[in-house]
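# Descriptive structure summary
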Amino acid sequence: MKKIMTNVLATTGITLIVLAIIGTLYGAKFLFINGVFQSFATNIVIHLGFMVTEKVESKYPILETMLDIGYTLTVLIVFGAIFSWYNSTPIWILLIMGVLIYIIGSLISIIRMREDVKAINDLLQRRKKRS
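Notes on the structure in this doc start here. (Residues numbered from 1 in each chain as written. Predicted model: local features only at pLDDT ≥ 70, side-chain atom pairs only at ≥ 80, totals over all residues. Heavy atoms only, no water.)

### A short note on a nonpolar patch on the surface
To keep things clear, this is the line we draw: Candidates for patches are residues over 30% relative accessible area with no salt bridge; among them, like charges are joined within 9 Å and nonpolar side chains (Val, Leu, Ile, Met, Phe, Trp, Tyr) within 5 Å. Accessibility throughout is a Shrake-Rupley quantity obtained with a 1.4 Å probe, and a residue counts as covered only by protein chains that appear here. Counted as salt bridges are all cases of a side-chain nitrogen of Lys or Arg within 4 Å of a carboxyl oxygen of Asp or Glu. Secondary structure elements follow DSSP: runs of H or I no shorter than four residues count as helices, runs of E no shorter than two count as strands, and numbering proceeds from the N terminus. Each residue is assigned to one of three classes by its accessible area relative to the maximum for its type, calculated with a 1.4 Å probe on protein chains only: buried under 20%, partly exposed between the two thresholds, exposed over 50%.
Where nonpolar side chains cluster on the molecular surface, the patch consists of I17, I21, L25, Y26, I77, I91, W92 and I96 and spans about 880 Å² of accessible area. Of all the secondary-structure elements, those providing two or more residues to the nonpolar patch are α1 (2-25) and α4 (91-130). By the secondary structure assignment, Y26 is in the loop between α1 and α2 (33-53). The exposure class of Y26 is exposed, given its relative accessible area of 57%.

Following this line, the structure appears as structure tokens:
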């Protein structure tokens, strides 16, 4: 549960940064507080769905990635309609943001995994030297 909450909070942070960058490019002056909570709720639903999609195994990793991205974009479209995001943001920008945030999150995950592997290898080397 701790890992899921960490991922939700990290993704929400990335979402808000990307949203602020895109808003700045389009001349926006501020973000609404309810938008922060809407992003948080959307990220919770996305990560709960990832728990389900993790159970789907395929010998093609690209298929699993496309399933995750497709699920993410579906949630964004549905929540965009629920929260009336389309009044201020075109759907194509929302979809690009979704893919961009997914890619950034994946890159952060890869970097974290590499650091973990390096730490484990260092520990194994130390243990080997002691033996």
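### Concerning the packing of α2 against helix α3 (residues 61-82)
Operational definition: Here an axis means a line fitted to C-alpha atoms, over the contact stretch when the element is a helix, while the angle between two N-to-C directions is reported on a 0 to 180 degree scale. Each angle receives one of four descriptions, namely roughly parallel if under 35 degrees, roughly antiparallel if over 145, roughly perpendicular if within 65 to 115, and oblique otherwise. In this scheme the crossing of two helices becomes right-handed for a clockwise turn of the near helix relative to the far one and left-handed for an anticlockwise turn of less than a right angle. Contact definition: two residues touch when any of their heavy atoms are within 4.5 Å. Residues are grouped as follows: Ala, Val, Leu, Ile, Met, Phe, Trp, Tyr, Cys and Pro are nonpolar; Asp, Glu, Lys and Arg are charged; all remaining types, including Gly, are polar.
Direction vectors running N to C along α2 and α3 enclose 150°, while the axes themselves pass 10 Å from each other. Compared by their axis directions, α2 and α3 come out roughly antiparallel. The crossing of α2 and α3 is right-handed. Here α2 contributes A41, T42, V45, I46, G49, F50 and T53 to the contact with α3, which in turn contributes L67, D68, Y71, T72, V75, L76 and F79. Here the contact of α2 with α3 is composed, by residue class, of nine nonpolar, four polar and one charged.

### Overview of α4
Convention followed: By this rule, a helix spans an expected 1.5 Å times one less than how many residues it contains.
If you check α4, its first and last C-alpha atoms are 59 Å apart, about what 40 residues at 1.5 Å a residue would give, namely 58 Å. Here α4 has its buried residues at I93, L94, M97, G98, I101 and Y102. Buried positions along α4 lie against α1, α2 and α3.

### Some remarks on the packing of α1 against α4
Between α1 and α4, whose axes approach to 10 Å, the crossing angle comes to 135°. In terms of orientation, α1 and α4 fall into the oblique class. For the element pair α1 and α4, the recorded crossing hand is right-handed. Touching N7, T11, I14, T15, V18, L19 and I22 of α1 are I93, M97, L100, I101, I104, G105, I108 and R112, all from α4. Of the residues contributing to the contact of α1 with α4, the split by class is ten nonpolar, four polar and one charged.

Any functional reading would require information that these geometric values do not contain.
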